[in-house]
Protein chains: 2
Amino acid sequence: MNDGQNRRAWLKDLIWPAPENTKTPAETAAYELEHFFAGHSGKAEICLEEALGEGYILSQTEMGYTIRGGEAGILFGAYVLIRALTLQEELPAGEQKPYYPLRMLNCWDNMSGDVERGYAGRSLWFEEGKFSYDLGRIRQLGRMLGSVGINTLCLNNVNVHQPAQHMLDDLLGDTARFAALLRPFGVKLMLSIDFSYPMQCGLDTADPLDERVQAWWAEKAKIIWTAIPDLAGFLVKADSEHRPGPNTYGRSHAEGANMLARAIAPYGGKLVWRAFVYNCMQDWRDTKTDRPRAAYDLYMPLDGAFDDNVILQIKHGPFDFQVREPLSPLLLGMKNTAKAIEFQLAQEYTGQQIDLYAMPPMWKEIFAQMGKERVQAIAAVSNLGRDDNWTGHPFAALNLFAYGLYAWNPDSDPEAVIRQWARLSYDLPKEQTEKLVSVLLRSRSVYEKYTATLGLCWMITPNTHYGPNPYGYEFQAWGTYIRADRSAVGIDRTEKGTGYLCQYPEKMQKLYQDPHTCPDELLLFFHRLPYDFIMKDGRSLIQRIYDDHFAGYEEAKEMASILKDLDLPEPDREEMLARMEAQLRNAREWRDIVNTFFYRFCGVPDERGRTIYP
Amino acid sequence: MNDGQNRRAWLKDLIWPAPENTKTPAETAAYELEHFFAGHSGKAEICLEEALGEGYILSQTEMGYTIRGGEAGILFGAYVLIRALTLQEELPAGEQKPYYPLRMLNCWDNMSGDVERGYAGRSLWFEEGKFSYDLGRIRQLGRMLGSVGINTLCLNNVNVHQPAQHMLDDLLGDTARFAALLRPFGVKLMLSIDFSYPMQCGLDTADPLDERVQAWWAEKAKIIWTAIPDLAGFLVKADSEHRPGPNTYGRSHAEGANMLARAIAPYGGKLVWRAFVYNCMQDWRDTKTDRPRAAYDLYMPLDGAFDDNVILQIKHGPFDFQVREPLSPLLLGMKNTAKAIEFQLAQEYTGQQIDLYAMPPMWKEIFAQMGKERVQAIAAVSNLGRDDNWTGHPFAALNLFAYGLYAWNPDSDPEAVIRQWARLSYDLPKEQTEKLVSVLLRSRSVYEKYTATLGLCWMITPNTHYGPNPYGYEFQAWGTYIRADRSAVGIDRTEKGTGYLCQYPEKMQKLYQDPHTCPDELLLFFHRLPYDFIMKDGRSLIQRIYDDHFAGYEEAKEMASILKDLDLPEPDREEMLARMEAQLRNAREWRDIVNTFFYRFCGVPDERGRTIYP
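In every chain, residue numbers begin from 1 and rise along the written sequence. Whichever chain is written first becomes A and whichever ligand is written first becomes 1, with later ones labelled in order. Where totals are concerned, whole chains, interfaces and linings use all residues; where local detail is concerned, this predicted model gives features only for residues with pLDDT of at least 70, and gives and counts side-chain atom pairs only at 80 or more. Heavy atoms from the whole structure form the basis of all side-chain values; hydrogens and water molecules are not counted.

*Asks:* Before we move on, can you summarise the overall build of chain A with the specific residues and values?
*Replies:* The helix and strand labels rest on DSSP assignments: H or I over at least four residues marks a helix, E over at least two residues marks a strand, and numbering proceeds from the N terminus. Within chain A, the secondary structure is distributed over 17 helices and 16 strands. Taking 25 Å as the expected radius of gyration for a compact globule of 614 residues, we find that chain A reaches 25 Å, a close match to that expectation. Reported as C-alpha extents along the three principal axes, the dimensions of chain A are approximately 70 × 65 × 45 Å. Only protein chains enter the accessibility calculation, which uses a 1.4 Å probe. A residue is then buried if its area is under 20% of the maximum for its type, exposed if over 50%, and partly exposed in between. Burial status across chain A gives 64% buried among its 614 residues. Taking contacts inside chain A between residues at least 6 apart in sequence as the whole, the part at least 24 apart equals 70%. Radius of gyration: C-alpha atoms only; globule rule: 2.2 Å multiplied by the number of residues to the exponent 0.38. Should any heavy atoms of two residues lie within 4.5 Å, those residues are considered in contact.

Dropping the structure here:
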């Protein structure tokens with residue numbers, strides 16, 4: 001594969017090769033602008049102002065354009081300028097700077113070349129236990145990330161499998177060379193590390209309070225930052241799903257995180273600590289333990305105990321990237337700890353880059369509810385892979401593009417972002433662009449209707465996480481139960497139940513605790529209700545479940561029918577149509593299996609006489 | 001690993017090394033007897049009488065013993081003599097000959113070294129795409145098989161994966177060398193072949209009616225039998241679970257099988273054709289299609305159409321080695337076709353060599369119902385692997401031992417066979433031997449109680465097939481449904497339902513069609529019944545389900561408690577105890593999950609007030 005053969009996602013207009021010899025973002029900016037203005041009237045002048053950092057100011061002059069900015073800011077500004085001129089949009093006025101200084105993409109790439117929960121082919125940079133990549137493609141990747149201002153790429157899976165540990169020693173040189181490839185695009189590396197690695201290197205403990213362990217990490221950090229002076233930091237998944245961590249030694253997560261943070265502080269490194277910790281060996285018989293409680297219960301007592309360069313990375317919901325979850329209460333409750341919110345572009349639970357699921361509407365809701373100022377950084381699990389089109393479904397690239405824009409500006413408008421992506425990606429007539437935008441805008445709500453109505457999540461096939469299996473996780477150890485029986489479904493998470501709701505600020509508690517005021521989309525997340533519960537609109541709960549599943553499938557068909565008529569270029573059109581067909585098969589299974597599942601429990605037929613298989 | 005380190009299963013008394021230089025079974029017999037009588041009083045004389053074939057006559061003389069027999073018969077007789085003298089049992093009187101001339105062990109070993117559905121470690125003879133084995137161990141294997149008269153070993157998985165196809169060409173020399181290793185033990189090889197292999201070798205079709213295909217197989221057979229003149233034949237899984245087969249070309253299974261049979265007939269080869277063919281892409285909504293019907297529907301019209309050297313290999317039940325199934329009606333209905341009955345020693349559905357499941361009681365029932373004369377050959381899927389003790393659970397070796405004895409004499413008594421195995425394997429005090437025998441004798445009924453009461457099978461974890469998951473296969477494509485709802489459970493397979501029952505002889509139809517006369521253990525296999533159906537003993541159906549699950553767990557605990565007190569040698573004791581602990585965990589899950597599953601549907605509490613989790 002080479003750059004020429006690989007598709008350019010939303011960078012359709014950057015038809016010249018990605019730069020090969022630039023050393024800094026400003027040099028890259030100059031290169032990109034020179035090539036752009038070779039085919040456009042006008043020219044652009046760049047003006048380095050270090051104080052602007054990642055920010056920039058675009059202005060129009062008689063002769064053309066001026067970009068003022070810091071090193072990286074100039075490049076981000078240059079891409080915005082090129083985009084605006086390409087789309088004939090207005091230039092953003094005044095100083096532009098990113099809302100979150102740390103805008104991470106977390107890649108779950110294993111050195112074997114597999115990507116955990118990857119739906120776009122194998123790793124772009126690992127294969128057979130080592131770095132292995134197409135140079136042109138990595139430069140194009142840098143360009144994609146730089147073009148939307150994503151400034152940190154965590155290279156390896158948070159589940160650190162052999163030999164990824166060796167990126168800290170034997171493979172450090174290769175890692176540094178890779179860092180150098182992305183540096184001209186304003187992108188820094190981050191590494192996922194294995195908390196127990198000292199023990200694999202001869203120490204008899206990884207106890208964070210042991211001086212030898214502290215010294216080991218300090219020495220390791222010195223070596224690593226000598227090789228990669230701008231390394232962004234470490235990402236750690238500890239004491240989670242069988243990963244090693246400080247609990248092994250009776251130490252708290254603050255003690256574990258701070259030890260690492262101190263080792264890397266001298267170099268400006270950030271220690272990003274994932275808060276995805278819960279009991280993954282739950283007994284299904286145990287109705288007291290409630291997985292959504294886990295992170296808040298564990299981390300709230302540690303609020304304020306973390307060092308300044310620790311960032312606690314918290315998934316947006318309390319479970320695990322389900323189609324519908326309430327906001328994680330930890331994001332709201334923890335006031336004295338630097339936090340990152342974590343999204344998942346990889347569509348593990350949201351259609352696996354087969355089914356359409358555009359994420360901006362979800363992010364808009366999340367930021368509206370949380371307040372962007374609650375967190376100090378942002379992360380998203382990557383949806384990239386070696387597929388020719390980068391993301392499996394050609395439209396899945398939208399989520400990466402949009403993530404960059406939201407990380408820069410959480411107040412972004414979903415529709416505008418989607419439209420911008422559509423216009424950059426495809427040269428469609430205006431009314432077709434609008435159709436594409438409207439389909440993408442509604443895609444999440446359609447998927448939600450037939451997979452997670454009323455906040456009832458986890459009705460999925462175990463392990464693969466694709467396709468319906470309402471009782472698939474019901475008797476397993478993952479804490480993901482729906483507890484459907486002949487009378488009712490759901491879990492009471494109010495104070496009368498598991499008490500999870502009590503982790504929220506009072507106003508939200510009040511809203512959620514009464515099933516008559518709780519928003520429909522979270523009704524069965526917070527409540528256990530009988531099938532004949534009457535919803536706000538007068539329908540019974542079971543009728544609403546049926547209706548949503550019938551409607552979801554019909555709406556998926558509508559989306560498919562609209563998309564079929566778009567004049568998309570090949571191979572995007574063919575790829576999209578094949579996936580849309582699969583989505584319809586999937587939606588039909590979801591509709592019929594979930595309806596039958598509940599019908600078999602409750603025995604209530606559909607009011608409108610539609611087919612529910614017995 | 002070498003022979004010395006590997007354990008000897010029931011061959012505890014054959015403490016001398018397996019023979020290395022014998023060329024024929026008779027030479028092996030001489031070797032074994034010489035070594036045995038070096039440590040025992042008396043001696044044995046062997047007397048070749050070709051006409052006796054695999055049969056033998058043992059007699060006692062003044063000087064010692066005489067074994068008359070054909071080449072292989074002498075060896076089989078020698079092992080029986082050694083066994084009888086070791087156990088101080090009477091010698092079998094008169095001419096002994098095997099009931100089934102073809103007594104096959106089907107190994108699902110892939111050339112990668114994996115064993116499909118293997119629970120005793122990796123393949124004993126394959127690794128990394130080639131033959132790879134410990135010579136001493138293969139000789140000891142030959143001895144184990146010879147000692148119980150198993151005379152045919154099919155080396156490779158019926159699902160023929162690359163590069164196993166090359167056993168017919170590039171790897172033929174290695175295969176012939178392997179055949180030579182087992183020949184001195186009276187064991188011949190058989191090979192699983194890929195119906196489409198001609199197409200992988202340059203032909204553009206594998207159509208059995210195409211003359212080029214016929215010529216290709218004829219030529220291939222000539223080469224193969226030149227290299228291995230006593231090869232027993234080919235085993236074929238065709239048109240089954242996505243395997244290629246004659247249906248691809250619009251040809252019948254008789255046309256497919258006969259074409260191959262004709263190619264190998266000149267060499268006396270048998271063509272064993274598996275009847276495990278069904279629609280594995282069933283729509284769960286389709287209640288007309290009923291998987292147990294599949295083999296009868298397909299093969300009955302072909303009865304009499306197969307060549308003389310074709311053997312149709314039929315699993316004992318119509319599904320797939322479930323804990324409880326009725327006898328396959330094809331075994332009863334097909335009168336003009338040579339048939340083999342297929343058992344599965346590998347405990348895929350019967351506890352995976354973790355849970356105890358001694359098979360002789362099941363075989364006794366099957367032969368009693370079928371009549372041994374209905375089939376002309378016998379096969380069993382192997383439970384062997386590279387584990388030090390050969391079969392994972394040290395007691396799982398019983399099933400291999402017993403299979404050999406049943407294949408020789410289907411009238412064998414389960415208790416006597418189990419006792420013989422126990423005495424050969426362990427030197428326990430008599431009352432402990434009897435305890436072990438009694439536990440093994442009941443082990444199947446205990447496992448059945450908590451995993452498949454009333455013939456309700458397939459409530460298992462998909463893919464792994466271990467552990468409870470009552471709805472695990474409910475909405476999948478495998479045709480394995482229980483269709484539980486709030487009122488009833490099971491599938492009506494009578495003439496009013498899917499009609500499966502109509503495939504049986506009239507007398508059996510009459511017995512099974514009325515739920516009041518249908519044996520309890522098959523009640524929910526043939527009938528769909530409400531939870532309040534009253535059983536023969538007055539209990540309700542749901543109470544019987546609860547009772548069996550409570551009782552099954554208690555009985556598993558009893559078995560564990562008895563076994564714990566046996567003075568078994570190490571490491572067998574430790575291995576057994578660890579597995580017994582796992583069985584109890586598993587049994588508890590089965591009890592609680594199945595009870596809860598049905599309780600949630602029907603809402604009926606346990607009459608005796610025992611805990612059913614909500």
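*Asks:* Could you give an account of the pattern of salt bridges, naming the residues involved and the relevant values?
*Replies:* Here a salt bridge means any side-chain nitrogen of Lys or Arg lying within 4 Å of a carboxyl oxygen belonging to Asp or Glu. All told, the structure shown has 99 salt bridges over all chains when counted by the stated rule. In this structure, R539 of chain A engages D547 of chain A in a salt bridge whose closest nitrogen and oxygen atoms are separated by 2.8 Å. Residue class for R539 of chain A comes out partly exposed when judged on its relative accessible area of 27%. When the shortest N-O distance is used, the salt bridge between E434 of chain B and R419 of chain B registers 2.7 Å. Here the residue E434 of chain B occupies a position in helix α13 (residues 430-451), and R419 of chain B occupies one in helix α12 (residues 414-425), the gap between them amounting to 15 residues. Owing to a relative accessible area of 26%, E434 of chain B belongs among the partly exposed residues under this scheme. Connected through salt bridges with shared partners, the residues D283 and R285 of chain A together with E589, R591 and D592 of chain B form a single ionic network.

*Asks:* Got a sec to walk through the interface of chain B and chain A? Specific residues and values, please.
*Replies:* Opposite the 23 residues of chain B that make contact, chain A presents 23 residues. Summed over both partners, the interface of chain B with chain A comes to about 2300 Å²; 54% of that surface belongs to carbon and sulfur atoms. As a working definition, buried area equals the accessible area (1.4 Å probe) given up by two parts on being put together, with both sides summed. The largest contributions to the chain B side of the interface with chain A come from R285, R486 and R600 of chain B, which together make up 36% of the buried area. For the salt bridge of D592 of chain A with R285 of chain B, the shortest nitrogen-to-oxygen distance reads 2.7 Å.

*Asks:* An account of the packing of aromatic side chains is requested, with residue identities and associated values reported.
*Replies:* Two rings belonging to Phe, Tyr or Trp (six-membered ring only in the last case) form a pair when the distance between their centres is within 6.5 Å. Interplanar angles under 30 degrees mark stacking, angles over 60 mark edge-to-face geometry, and anything in between is tilted. Counted under the stated rule, the structure contains 101 aromatic pairs over all chains. Between Y500 of chain B and Y504 of chain B the ring centres are 5.5 Å apart and the planes differ by 85°, which places this aromatic pair in the edge-to-face class. Take Y500 of chain B: its relative accessible area is 0%, and that puts it in the buried class. Residue class for Y504 of chain B comes out buried when judged on its relative accessible area of 3%. For R285 of chain B, the ring lying beneath its charged end belongs to Y613 of chain A, and the centroid distance is 5.6 Å. Geometrically, a lysine NZ or arginine CZ counts as sitting over a ring once it is within 6 Å of the ring centre and also within 35 degrees of the ring normal. Between R493 of chain B and the ring centre of F525 of chain B, over which it is positioned, the NZ or CZ distance is 4.9 Å.

*Asks:* Provide a residue-level description of the environment of F126 of chain B, including the pertinent values.
*Replies:* Residue and element names in this part refer to chain B. The residue F126 is located in strand β6 (residues 126-127) in this model. For F126, a relative accessible area of 0% corresponds to the buried category. Taking the C-alpha atoms as reference points, F126 and S112, 14 residues apart in sequence, are found 6.6 Å from one another. Leave out the neighbours within four places in its chain, and F126 touches D109, N110, M111, G113, F131, S132, L155, N156, M167 and R386.

*Asks:* Give me the lowdown on the sheet that holds strand β8 (residues 152-154) of chain B, citing residues and values where you can.
*Replies:* Residue and element names in this part refer to chain B. For two strands to count as paired, DSSP must find a minimum of two bridges between them. With parallel pairing, 8 strands are arranged side by side around a closed barrel as β5-β8-β9-β10-β11-β12-β13-β14. Taking each pair of neighbouring strands and ignoring which way they run, the sheet shows an average axis angle of 25°. Across the sheet, helix α4 (residues 172-182) touches β8 and β9 (188-193), and the angle it forms with β9 is around 145°. Working convention: axes come from line fits to C-alpha atoms, limited for helices to the stretch in contact. Angles between N-to-C directions cover 0 to 180 degrees.

*Asks:* Explain the relation of the copies chain B and chain A residue by residue, including any values.
*Replies:* The transformation that overlays chain B on chain A combines an axial shift of 0.0 Å with a rotation of 180°, and the residual RMSD is 0.0 Å. Here the symmetry operator amounts to a two-fold rotation axis. For chain B, the minimum C-alpha distance to the rotation axis belongs to F601 of chain B and amounts to 2.9 Å. When the interface residues of chain B are mapped onto chain A, 100% of them again fall at the interface, so both copies present the same face. Least squares is the method used to superpose the copies, on C-alpha atoms of residues holding a pLDDT of at least 70 in both.

*Asks:* Break down the packing of helix α6 (residues 211-227) of chain B against helix α7 (residues 253-264) of chain B for me, with residues and values.
*Replies:* Two quantities define a packed helix pair, namely the angle between the helix axes and the distance between the axes. All names here are of chain B. Interaxial distance between α6 and α7 falls to 8 Å at its minimum, and their mutual angle equals 40°. Between α6 and α7, the interaxial angle falls into the category oblique. Crossing of α6 over α7 shows right-handed handedness. Packed against α6, whose contacting residues are V213, Q214, W217, A218, A221 and W225, the element α7 presents M259, L260, A263 and I264 at the interface. Just so you know how the angles are binned, under 35 degrees is roughly parallel, over 145 roughly antiparallel, 65 to 115 roughly perpendicular, and the rest oblique. Less than a right angle of anticlockwise turn of the near helix away from the far helix marks a crossing as left-handed, whereas a clockwise turn marks it as right-handed.

*Asks:* Describe helix α2 (residues 71-87) of chain A, with residues and values.
*Replies:* Residue and element names in this part refer to chain A. Between its terminal C-alpha atoms α2 stretches 25 Å, which fits the 24 Å expected from 17 residues at 1.5 Å a residue. Along α2, 15 of the 17 residues are buried, which leaves the element largely enclosed by surrounding structure. Q88 lies just past α2 and shows a positive phi near 55°. Here the expected length of a helix is defined as 1.5 Å per residue gap, with one fewer gap than residues.

*Asks:* Describe in detail the sheet that holds strand β10 (residues 233-236) of chain A, supporting the description with residues and values.
*Replies:* Backbone-to-backbone hydrogen bonds join strands into a sheet, with any given pair of strands oriented parallel or antiparallel. Residue and element names in this part refer to chain A. Taken in spatial order, the 8 strands close into a barrel running β5-β8-β9-β10-β11-β12-β13-β14, and their pairing is parallel. On average, adjacent strands in this sheet sit at an angle of 25° to one another, irrespective of strand direction. Here strand β11 (residues 270-274) runs beside strand β12 (residues 310-315); their pairing, made up of 4 bridges, is parallel. What sits directly across from R274, in β12, is Q313. Contacting β13 (339-344) and β14 (377-381), helix α10 (residues 360-370) runs over the sheet at an angle of about 155° to β13.

*Asks:* Outline the environment of D204 of chain B, supporting the account with residue identities and numerical values.
*Replies:* Residues and elements named next belong to chain B. Following the sequence through the fold, D204 ends up in the loop between α5 (197-200) and α6. For D204 and N6, which are 198 residues apart along the polypeptide, the C-alpha to C-alpha distance reads 47 Å. Each residue touching D204, except ones within four places of it in the same chain, is listed here: M199 and R212. Whenever a nitrogen or oxygen atom comes within 3.5 Å of another N or O atom, the pair is scored as a polar contact, on the condition that within protein one atom can donate a hydrogen and the other can accept it, and that pairs from neighbouring residues in sequence are kept only if both atoms are in side chains. Side chain to side chain, D204 and R212 meet in a polar contact 3.2 Å long.

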